[in-house]
Amino acid sequence: MVTPEGVREACVHVADGRIERVAAFDDVLAGRELVDAGDLVVLPGLVDTHVHVNEPGRTGWEGFASATRAAAAGGVTTILDMPLNSIPPTTTPEALRAKREAAEGSVHVDVGFWGGALPSNLGGLTELHAHGVFGFKAFLCPSGVDEFPSLDLEQLREAMAEIAAFDGLLIVHAESPEVLEGAASQPGDLRAYRTYLASRPDAAEERAVQQVVEASNATGCRVHILHVSSADAVGPLDGATAETCPHYLTFASEEIEDGRTEFKCAPPIRDAANRELLWDGLRRGAISAVVSDHSPCTPDLKAGSFSEAWGGIASLQLGLRAVWTGARTRGFGLEDLARWMSERPAAIVGLERKGAIAEGRDADLVLFDPGHTAGVDPAELHHRHPVTPYAGRRLDGRIAATYLRGMRIYADDGFPDEPAGRLLERGRA
Ligand SMILES: [Zn+2]
């Protein structure tokens with residue numbers, strides 16, 4: 001059992017969905033149902049704070065039922081839904097209500113919601129916060145969808161000043177629009193990955209992180225940097241929390257063949273040397289969380305050149321296995337996995353009942369076989385669409401069963417008929 005005190009043999013006592021006690025291995029209570037995990041490892045359920053569910057409005061890309069089944073099958077027991085790519089985006093109390101209505105009754109894991117900070121809703125963030133969103137997402141560069149415009153630096157500071165007043169959290173897609181515009185003018189073969197990579201250079205991330213950290217220091221607003229892909233962006237973090245994603249820790253740009261747009265995401269997958277520096281950032285704690293940035297679309301939108309195709313990778317079901325595969329070969333252990341993918345994401349967003357196998361927490365548990373290895377068969381994915389850069393890739397680990405608040409929500413025989421997930425609100429989660 002992977003606990004905050006280390007990996008040990010243990011017996012976890014569960015009542016009313018909560019962990020009563022983490023007891024000695026043979027301290028089994030009489031008269032209770034006993035689940036013997038055998039030789040499997042028990043991990044805390046993963047907390048994936050970066051998921052684009054897209055429902056309502058783009059439910060053809062992904063929806064609450066399919067996304068949360070994929071989550072459960074991947075050992076993820078809590079997701080936080082991003083405010084964009086659904087229509088409407090989650091930028092008003094009415095839009096949040098539409099999200100909740102779409103999700104109600106169909107979620108297999110617990111689901112919370114981010115709000116969005118747009119030029120049009122500045123001044124309204126306080127009210128949206130009061131409705132229970134976990135924080136606010138902003139872009140400095142174009143988001144990819146027209147209905148979610150970016151903030152300029154002045155608007156960023158305005159948002160931060162408003163959010164700081166209620167001690168909220170701003171999460172930022174940090175790529176500098178000026179650096180991106182400068183890089184976009186360079187000619188190249190649009191089918192070649194190197195052309196796409198050159199259009200979103202390291203400097204775009206580094207510059208934007210500097211600007212966000214400066215604004216954070218000036219306003220006192222807590223900030224979290226989303227999906228760091230460039231190791232150059234780690235230097236200026238200066239105490240801001242940051243996440244990276246399984247694809248940045250798994251793939252390398254020099255291995256991506258021309259036309260393989262399933263690898264397209266923003267910021268982009270960079271070279272192998274950069275990948276190793278991201279692992280080093282995790283080792284040092286400069287990057288503290290690993291979350292999926294699950295961002296699917298329909299297969300037709302992934303067609304075409306790198307400039308045309310949708311930028312997003314669907315990996316909610318595969319993150320645990322992908323990160324474990326990379327982690328174990330670099331000398332990391334299961335306790336590192338639990339820290340990056342459960343404990344830290346839960347702590348960053350204030351989910352006090354999630355993130356650890358410890359007394360008083362929700363009994364969100366994953367039975368995991370770390371020694372198992374298998375190729376990824378897209379047919380096994382529960383994402384709405386099986387498009388994935390992981391197809392055929394050998395990944396370690398197998399999720400044998402997943403428990404949410406003590407209820408089994410996934411095993412080899414599938415999912416329960418009644419979805420057991422709840423909708424979470426900040427402060428009441
Ligand atoms: Zn995202």
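Heads up: the structure comes first, above all this text.
Residues numbered from 1 in each chain as written. Predicted model: local features only at pLDDT ≥ 70, side-chain atom pairs only at ≥ 80, totals over all residues. Heavy atoms only, no water.

How should the overall build of the protein chain be read in this particular structure?
In terms of regular secondary structure, the protein chain is built from 11 helices and 17 strands. Relative to the globule expectation of 22 Å for 429 residues, the C-alpha radius of gyration of the protein chain, 21 Å, shows essentially globular dimensions. Principal axes of the C-alpha set define a box for the protein chain whose edges measure 70 × 45 × 40 Å. Expressed as a percentage of the 429 residues in the protein chain, the buried residues total 60%. Considering only intrachain contacts with a sequence separation of at least 6, the fraction spanning at least 24 residues in the protein chain is 73%. A total of about 16,300 Å² of accessible surface is found on the protein chain, and carbon and sulfur atoms cover 47% of it. In the protein chain, which carries 40 positive and 63 negative side-chain charges, the distance between the mean positions of the two groups comes to 1 Å. (Helix = DSSP H or I, 4+ residues; strand = E, 2+ residues; numbered from the N terminus. Rg over C-alpha atoms; globule rule 2.2 N^0.38 Å. Buried < 20%, exposed > 50% of the residue type's maximum accessible area, 1.4 Å probe, protein only. Contact = heavy atoms within 4.5 Å. Areas by Shrake-Rupley, 256 points an atom, 1.4 Å probe, with all protein chains shown as cover. Lys, Arg positive; Asp, Glu negative; His and termini not counted. Charge placed at Lys NZ, Arg CZ, Asp CG, Glu CD.)

Could you clarify how one ought to interpret helix α2 (residues 93-103) in this entry?
What sets the pattern is the α-helix's 3.6 residues per turn: residues three or four places apart point alike. Residues P93, A95, L96, K99, R100 and A103 constitute the buried set of α2. Summarising the axial view, the buried residues of α2 lie within an arc of 160°, below the 170-degree limit, and thus occupy one face. Each element contacted by the buried residues of α2 is listed here: α1 (64-73), β7 (76-81), β8 (110-113) and α3 (125-130). Positioned one or two residues after α2, G105 has a phi angle of 85°, which is positive. (Arc of directions from axis to C-beta.)

Looking at this structure, how should I read empty space enclosed by the protein?
Using a probe with the size of a water molecule, rolled over the atoms, empty space left in the structure can be pinpointed. Counted according to the given criterion, the structure contains 4 cavities of 30 Å³ or more. Quantified by volume, the largest cavity comes out at close to 80 Å³. Every residue along the wall of the largest cavity is listed here: E262, S295, P296, C297, K302, G312, I313, A314, H385, V387, T388 and P389. Looking at the lining of the largest cavity residue by residue, the class counts come to 6 nonpolar, 4 polar and 2 charged. Estimates place the volume of the second largest cavity at around 60 Å³. Those elements that provide at least two residues to the lining of the second largest cavity are β6 (46-51) and α10 (319-329). Broken down by element, the residue count for the lining of the second largest cavity peaks at 3 residues, all from β6. Grouping the amino acids of the lining of the second largest cavity by side-chain chemistry returns 9 nonpolar, 2 polar and 1 charged. (1 Å grid on protein atoms, 1.4 Å probe; cavity = no way out; pocket = protein on both sides within 12 Å on 5 of 7 lines; lining within 4 Å. Points joined across faces, edges and corners; volume = space filled by probe spheres on them. Nonpolar A, V, L, I, M, F, W, Y, C, P; charged D, E, K, R; others polar.)

Got a minute to help me understand the pattern of salt bridges in this structure?
Opposite charge on two side chains lets them pair, provided their charged atoms get close. Evaluated as defined, the whole model comprises 24 salt bridges. The salt bridge involving E205 is made with R270; its shortest N-O contact spans 2.8 Å. Note that E205 is positioned in helix α7 (residues 202-219) and R270 in the loop between α8 (246-250) and α9 (272-284), a separation of 65 residues in sequence. Look at E205 and you get buried, because its relative accessible area is 2%. Measuring nitrogen to oxygen at the nearest pair gives 3.8 Å for the salt bridge that ties R260 to E257. What makes E257 exposed here is its relative accessible area of 51%. (Salt bridge = Lys/Arg side-chain N within 4 Å of Asp/Glu carboxyl O.)

Please explain the layout of surface pockets as it appears in this structure.
Its boundaries defined by the atoms lining it, the largest pocket holds a volume of some 870 Å³. Mapped onto the lining of the largest pocket, the elements with two or more residues apiece are β3 (11-15), β5 (41-44) and β15 (365-375). Among the elements that take part in the lining of the largest pocket, β3 stands out by supplying 4 residues, more than any other. Here the lining of the largest pocket is composed, by residue class, of 18 nonpolar, 3 polar and 6 charged. Along the walls of the second largest pocket sit 35 residues, with P142, Y196, R200, K264 and A266 positioned nearest its centre. Put simply, the parts of the chain that give the lining of the second largest pocket at least two residues each are β10 (136-139), α5 (177-184) and α6 (193-199). Among the elements that line the lining of the second largest pocket, the one with the most residues is α6, at 5 residues. Of the residues in the lining of the second largest pocket, the class split is 15 nonpolar, 14 polar and 6 charged.

Is there a simple way to think about the packing of aromatic side chains in this case?
How two aromatic rings sit relative to each other is set out by the distance from centre to centre and by the angle between their planes. Under the definition given, this model contains 14 aromatic pairs. Ring centres 4.8 Å apart and planes at 65° place the aromatic pair W61 and W310 in the edge-to-face group. Placement of the pair is W61 in the loop between β6 and α1 and W310 in the loop between β14 (289-290) and α10, with a sequence separation of 249 residues. Both residues of the pair, W61 and W310, belong to the buried class. With a centroid separation of 4.8 Å and 50° between ring planes, the pair formed by F251 and Y390 is classed as tilted. Placement of F251 in the loop between α8 and α9 and of Y390 in the loop between β15 and β16 (394-404) is noted, with a sequence separation of 139 residues between them. (Phe/Tyr/Trp six-rings, centres within 6.5 Å; stacked < 30°, edge-to-face > 60°.)

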